Amino acid sequence: MGRDLGFDALRRDSGSGEWKTIAWNGVCFEAPADWEPARIGRRHLLLEAAPGPVMEIKWAAVTGRFSERGQLRSLGGRVARRGAAFRKTALPEDWRAAVKGFDAQGFQWDAGDERAMGALLYCRGCRTASLVQFLERPAAASIARDAARVLASLRDHRSDDRVAWALYDIAALLPARFALDRHRFDAGRFVVEFKGPGRRLTLYRWAPAEVLLRDRSLADFAGAVAGETRLTFRPLAGVAHAAVEGCPPPPVGPVGRLRLRLGMTWSCRLRLWHVAARNRILGMRLEGRRPIDGLEMQTVSEGYAMAGERPFGLGADPQ
Amino acid sequence: MRWRAKDRSASVQTRSEALACIPVKNREVREQRLANGDVLVLYPVTVRPWMARLGRWLGARDAAPRTGKLQLDRLGSTVWALLDGQTSLRRIAAAFAESQRLERKEAEVAVTQFIRELGRRGLVGLREGTPR
């Protein structure tokens, strides 16, 4: 699937109300605004709405030959253990049009109190297999129409060597060299960590900012986040929000400078900015053995913002 | 004789049913509004029966009932003010999300964790409501 979703589109959709963009570790799709992530894995998302789970997607890169039959047999076995009847089906007409860039096979299962309809998708372009299923309860309204729109918007790769991330109220467009390491979405505090060659990147989001900054400044809050890294925080000028950035103290003496040059000193920079209109604090920590300059920090931080917010700089996909 | 697996089907509560529950404050609980706007909750602390029996057996006299204190922070105080014994968890979470400009799901998690903690201390109970 070569069609790309630019960062601006991602932001616009995320804040538009009825539908939003969800992007995680390579896959990106639109979903109704009330579908919220209930389970977030490295290559797995379970979305739920008011009645319960509504959509599940799992994806993985295929290293050898893709075996559609093997994947479906495995899924059928798992479903059968729950006492459900599993069968391969033809895709509905609107689904067929929606997934025309993929090799696709439909399936259904019915467990009485819950049933699902889904598709096993394989993208020849990036050799990624995705298993998407939409779950329904007999008493709940059908989500078949929404499902077709979700599938039509599904992308599993981009052409600009970047990866889009959009969950809850945060959105990021990061260089593909940053691979997901760990993530934690707690009420009030999100932390997503990435590993790249020689670099470690952490994205933060805190809420509500009013409460967190009630009796301390943003710099004090940033100092608490930095912990024992001995960063010196200064306000940043020329950015859209009130922001502070912490830098390590300059190396002292020739030994200190030599250690820095040889990569024996761990460099760290932390930037926090207060999105007052949304009552949030966003943060970004970049670490590595090589020194981190302001330009690198600026380039990465431009790709991270609140969903639906105007980007600080140019973050759109050039394609 | 075979061990029978415990039938969990009757005790499983869906998310919708859980959010329809109505938190009700313990009638024994008193509250004070502090100068900074936070709420101080005062509640009677009862000694566990076996501890009381042990104390009596060791010759101690029955101690006067103690009062526990729990100071809620600003967010806790906001949720506490929403507990009127009639409003469901879902509506409390929605009101909390609106007042703090939080995501709906995030507010639901925060409110349910807070109510669970209050319930563990015996400050609130849950009454069944009607799922949406």
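Quick note: structure is the one above.
Since the model is a prediction, treat every value here as computed from it, not as a measurement. (Residues numbered from 1 in each chain as written. Chains lettered and ligands numbered in written order. Predicted model: local features only at pLDDT ≥ 70, side-chain atom pairs only at ≥ 80, totals over all residues.)

## Details of the interface of chain A and chain B
Interface extent is often summarised as the accessible area lost during association of the parts.
Link 1 in the chain: Residue-level contacts link 13 residues of chain A with 15 residues of chain B.
Link 2 in the chain: Across the side of chain A that touches chain B, the residue classes break down as 7 nonpolar, 3 polar and 3 charged. (Contact = placed C-beta atoms within 7 Å. Nonpolar A, V, L, I, M, F, W, Y, C, P; charged D, E, K, R; others polar.)

## So, the pairing of strand β3 (residues 39-45) of chain B
All names here are of chain B.
Link 1 in the chain: In the sheet, strand β2 (residues 30-33) pairs with β3 via 4 bridges, with the strands oriented antiparallel. Looking at the pairing, Glu 31 lines up with Val 41 of β3.
Link 2 in the chain: What sits between β2 and β3 in their antiparallel hairpin is a turn of 5 residues, with Gly 37 showing a positive phi close to 95°. (Pairing = 2+ DSSP bridges. Helix = DSSP H or I, 4+ residues; strand = E, 2+ residues; numbered from the N terminus.)

## Focus on helix α2 (residues 68-81) of chain A
Residue and element names in this part refer to chain A.
Link 1 in the chain: Here α2 is 14 residues long and its end C-alpha atoms lie 20 Å apart, about the 20 Å a rise of 1.5 Å per residue gives.
Link 2 in the chain: Of all the 14 residues making up α2, 1 are buried; the element is thus mostly uncovered.
Link 3 in the chain: Where α2 ends, the next residue or the one after it, Gly 83, has phi of about 85°, a positive value. (Expected span 1.5 Å × (residues − 1). Buried ≥ 20, exposed ≤ 12 C-beta atoms within 10 Å, placed from the backbone.)

## A word on helix α4 (residues 89-100) of chain B
Residue and element names in this part refer to chain B.
Link 1 in the chain: In a regular helix each residue adds 1.5 Å, so 12 residues correspond to 16 Å; α4 covers 16 Å between its end C-alpha atoms and thus fits that length.
Link 2 in the chain: Of the positions making up α4, those classed as buried are Leu 89, Arg 90, Ile 92, Ala 93, Phe 96 and Gln 100. When α4 is viewed along its axis, its buried side chains cluster within an angular range of 160° and face the same direction.
Link 3 in the chain: On its buried side, α4 packs onto α1 (15-20), β1 (22-25), α3 (74-82) and α5 (104-120). (Arc of directions from axis to C-beta.)

## A few points about the nonpolar core
Note on soluble globular proteins: their nonpolar side chains tend to be buried together.
Link 1 in the chain: Counting residues in each nonpolar core, the largest one holds 96 residues, and the members touching the most others are A:Leu151, A:Trp165, A:Leu272 and B:Val111.
Link 2 in the chain: Composition of this core by domain shows at least three residues from each of domain 1 (27-153) and domain 2 (171-306) of chain A.
Link 3 in the chain: If near-sequence neighbours (up to four positions away) are discounted, A:Leu272 is found in contact with A:Leu218, A:Phe221, A:Ala222, A:Val225, A:Ala243, A:Val244, A:Ile281 and A:Gly283. (Core = buried A, V, L, I, M, F, W, Y, C linked by C-beta atoms within 7 Å. Domains from an automatic or database assignment.)

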